Each structure stands twice: as C-alpha cells, then as structure tokens.
Amino acid sequence: MGNSDIPYESDFCLNGDIRELERLAGEVARFCEQHPGLADTEFQLNLVLEELFVNAVRHGGCDGMTNAACVRMRYDNGAVHVAFSDRGAPFDLTKAPEADIHAPLAGRRRGGLGIHLVRQIMRGVTYRREDGWNVLNMEHAVEQRQETL
Amino acid sequence: MIQLTEESKSGWCVVGVRGRADAESADALEAALRSAVEGHPKVAADLAGLDYISSAGLRALIQAARAAQSKGVELAFCSPTASVKKVFDMSGLQQILKVQGDMPC
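Residues numbered from 1 in each chain as written. Chains lettered and ligands numbered in written order. Predicted model: local features only at pLDDT ≥ 70, side-chain atom pairs only at ≥ 80, totals over all residues. Heavy atoms only, no water.

Colleague: Help me out: how do you make sense of the overall build of chain A in this one?
Modeller: Helices and strands together make up the secondary structure of chain A, namely 3 helices and 5 strands. In sequence order, the secondary structure elements of chain A are arranged as β-α-α-β-β-α-β-β. The globule rule puts the C-alpha radius of gyration for 149 residues at 15 Å, and the 15 Å found for chain A is close to it. Taking the principal axes of its C-alpha atoms as reference, chain A extends roughly 40 × 40 × 25 Å. For chain A, the proportion of its 149 residues judged to be buried stands at 51%. (Helix = DSSP H or I, 4+ residues; strand = E, 2+ residues; numbered from the N terminus. Rg over C-alpha atoms; globule rule 2.2 N^0.38 Å. Buried < 20%, exposed > 50% of the residue type's maximum accessible area, 1.4 Å probe, protein only.)

Structure, rendered in structure tokens:
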C-alpha cells in the first residue's frame, strides 16, 4: 500500500462491507479523543471517510473484499492529515466532475454529492495509483476557534 | 444506528429522526419519510436528535422531498443541529428543502 511513508497515529483497515461504517466511526472517535480540540472535527472526518469508503465499496468493486480500504490519520501543526487507500478500480477523485449543488429539487441527480463534500472539507487532496491501490492524501485544517461541524 | 418514530401532532405527522443518517441507514430514513408523505398532507421531520448525516442521508431527504412535491404534501425539515445544518449549506439543500429552526407544531 502506498501511504506508509509517513508515521500516523491511527492506522486501520476496513473490509468491503457497509456495516464497517460503525467500526469506522469508532476509530475516528478514538482518534479525536486523543487530541483536545478535535471534538468538533470528528463529524467532518467521519463524513469524508464514509464518502470515500462507501464509494470504494459500492462503485469501486471493493464489496466483499477483506481489508478493502485502509485509513491513516495524524494530527500536527493544526491540521489532521489523512491517507485513505482502497483496492478498488482506479479512480482519481481529484478529476471527478463537480456536482451541481445549485440544481433545483427535480434536477438533483444521484452521485457526486459525496465527492463535493470531501472537496469542501479537505484541502491539498492528491491521488496516485500504486501497487493496485488508489491512494489519497489530504488534510483538514482545524480552526483555532472551533466551528460546530 | 438510526431511530425513527412517527406521531400525529396538531394536524402534522411528525417523523422523529435520531442518531446517524449514513449509507447503512439511509434506506430506512427514506422509507419512513416516504411512508409519512404517502399518508399525510403535512409532514415534519424532527431532526433535533440527528447527530450525523452523510451524502447518503442527504439523498434520502431529497428523495422524500421529491415525493412530497409530486403529491402536493408539505414536508418540513425542522430543528437540525448546527453540524447537520452546515452539511445542508455545503450541499445547497437549504435552497431546495424547507428547512426551519423550529417545529411547526
């Protein structure tokens, strides 16, 4: 897997099963509990990681795979650094089309909203394909004066 | 985990939504809202207990709102937490759903 070059404080893998979302939420909660000031960041990290994981399982062919996706996180210099990898079909999130969030109710199409949220919450998203893995590195700046989300 | 309840109150069908609206629970959320929309002219989704929502949960709300619109049913999404409201904002849902701070009944 391609994101082993940086030491991370949280490091876990998920099987290709949507029911793993509960375990994902637990891992994110544990990570955020380790750092004062990250309590309000838990929602955002959960959201981003769910979107990426569900996309890999439902659209990337990871459904049923053992250790289909791996997550690493660390907190330093006021930002949470996240590496997300999955063994799904090649998919470069950074090149995915933008969702139309201004479309009226009747014009809202399925798909794209999750990626839009990832882009809203994370910065510096990079993608590479390595040894059969999609590897995303990104970070989330933690505001000194926390907003609620 | 999501908890869904339904009760009648002052002419409204109130659907209580508590917990997480994620990819695992979104179908149940959509079904509960659609069921309420099928049988009542005015539906209020009480989101005060909704701790978390992802795009899957948002899609459930969008689908329910579409169903309500097609049937001429009034569907209000009420009392979202600041975190959930911010996801609505990021997704442009504030403009297409009827979101309000207080319950109508």
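Colleague: How do you make sense of the environment of Arg-123 of chain A when you look at a structure like this?
Modeller: All names here are of chain A. Structurally, Arg-123 can be placed in strand β4 (residues 123–130). Residue Arg-123 is classed as partly exposed on the basis of its relative accessible area, which comes to 43%. Along the primary structure Arg-123 and Ala-141 are separated by 18 residues, whereas in three dimensions their C-alpha atoms are 7.9 Å apart. Setting aside its immediate chain neighbours within four residues, Arg-123 contacts Ala-79, Met-138, Glu-139 and Ala-141. Reaching out from Arg-123, the side chain makes a polar contact with the side chain of Glu-139 at a distance of 2.6 Å. (Contact = heavy atoms within 4.5 Å. Polar contact = N/O pair within 3.5 Å; in protein donor to acceptor, adjacent residues only side chain to side chain.)

Colleague: Help me understand helix α3 (residues 113–121) of chain A, please; the structure alone is not making it clear to me.
Modeller: Note: α-helices contain 3.6 residues per turn, so residues at a spacing of three or four share the same orientation. Burial within α3 of chain A is extensive, with 7 of its 9 residues counted as buried. Along α3 of chain A, the positions that sit buried rather than exposed are Leu-113, Gly-114, Ile-115, His-116, Leu-117, Val-118 and Ile-121 of chain A. Structurally, α3 of chain A contributes buried residues whose contacts are with α2 (42–59), β4 and β5 (133–141) of chain A together with α2 (55–71) and α3 (82–91) of chain B.

Colleague: Help me understand helix α1 (residues 26–39) of chain B, please; the structure alone is not making it clear to me.
Modeller: Residues and elements named next belong to chain B. Taking 1.5 Å as the rise per residue, α1 with 14 residues should run 20 Å; its terminal C-alpha atoms sit 20 Å apart, in good agreement. For α1, the full list of buried residues reads Ala-26, Leu-29, Glu-30, Ala-32, Leu-33, Ala-36 and Val-37. Buried residues in α1, looked at end-on, bunch into an arc of 160°, giving them a common side. The outward face of α1, more than 90 degrees from its buried face, is lined by the exposed residues Asp-27, Glu-38 and Gly-39. The inward-facing, buried residues of α1 contact β1 (2–9), β2 (12–21), β3 (42–53), α2 and β4 (74–78). (Expected span 1.5 Å × (residues − 1). Arc of directions from axis to C-beta.)

Colleague: Got a minute to help me understand the pairing of strand β1 (residues 10–14) of chain A in this structure?
Modeller: Regular strands have side chains that alternate between both faces of the sheet. Residue and element names in this part refer to chain A. Burial of the side chains of β1 is restricted to one face: Ser-10, Phe-12 and Leu-14 are buried, whereas none of Asp-11 and Cys-13 on the reverse face is. As judged from the 5 bridges shared by β1 and strand β2 (residues 69–76), these two strands associate in the antiparallel manner. Across the sheet, Leu-14 pairs through a bridge with Ala-69, a residue of β2. (Pairing = 2+ DSSP bridges.)

Colleague: I tried to follow the pattern of salt bridges on my own but got confused; where do I start?
Modeller: Pairing between side chains of opposite charge can happen when the charged atoms of each approach one another. All names here are of chain A. The final tally for this structure, using the stated rule, is 14 salt bridges over all chains. Across the pair Asp-76 and Arg-74 runs a salt bridge whose closest N-O atoms are separated by 3.0 Å. For Arg-74, a relative accessible area of 15% translates into the label buried. (Salt bridge = Lys/Arg side-chain N within 4 Å of Asp/Glu carboxyl O.)

Colleague: It is not clear to me how the sheet that holds strand β3 (residues 79–86) of chain A should be interpreted in this structure. Could you clarify?
Modeller: Within a beta sheet, neighbouring strands are joined by backbone hydrogen bonds and run either parallel or antiparallel to one another. Residues and elements named next belong to chain A. Spatially, β1-β2-β3-β5-β4 is the arrangement adopted by the 5 strands of the open sheet, whose pairing is antiparallel. Since the sheet does not close on itself, it has two edges, and those belong to β1 and β4, each with one partner. Averaged over all pairs of adjacent strands, the angle between strand axes in this sheet comes to 15°, irrespective of strand direction. Bridge count for β2 against β3 is 8 bridges, and the pairing is antiparallel. Bridge pairing links Met-73 to Val-82 in β3. (Axes fitted to C-alpha atoms, helices over the stretch in contact; angles between N-to-C directions.)

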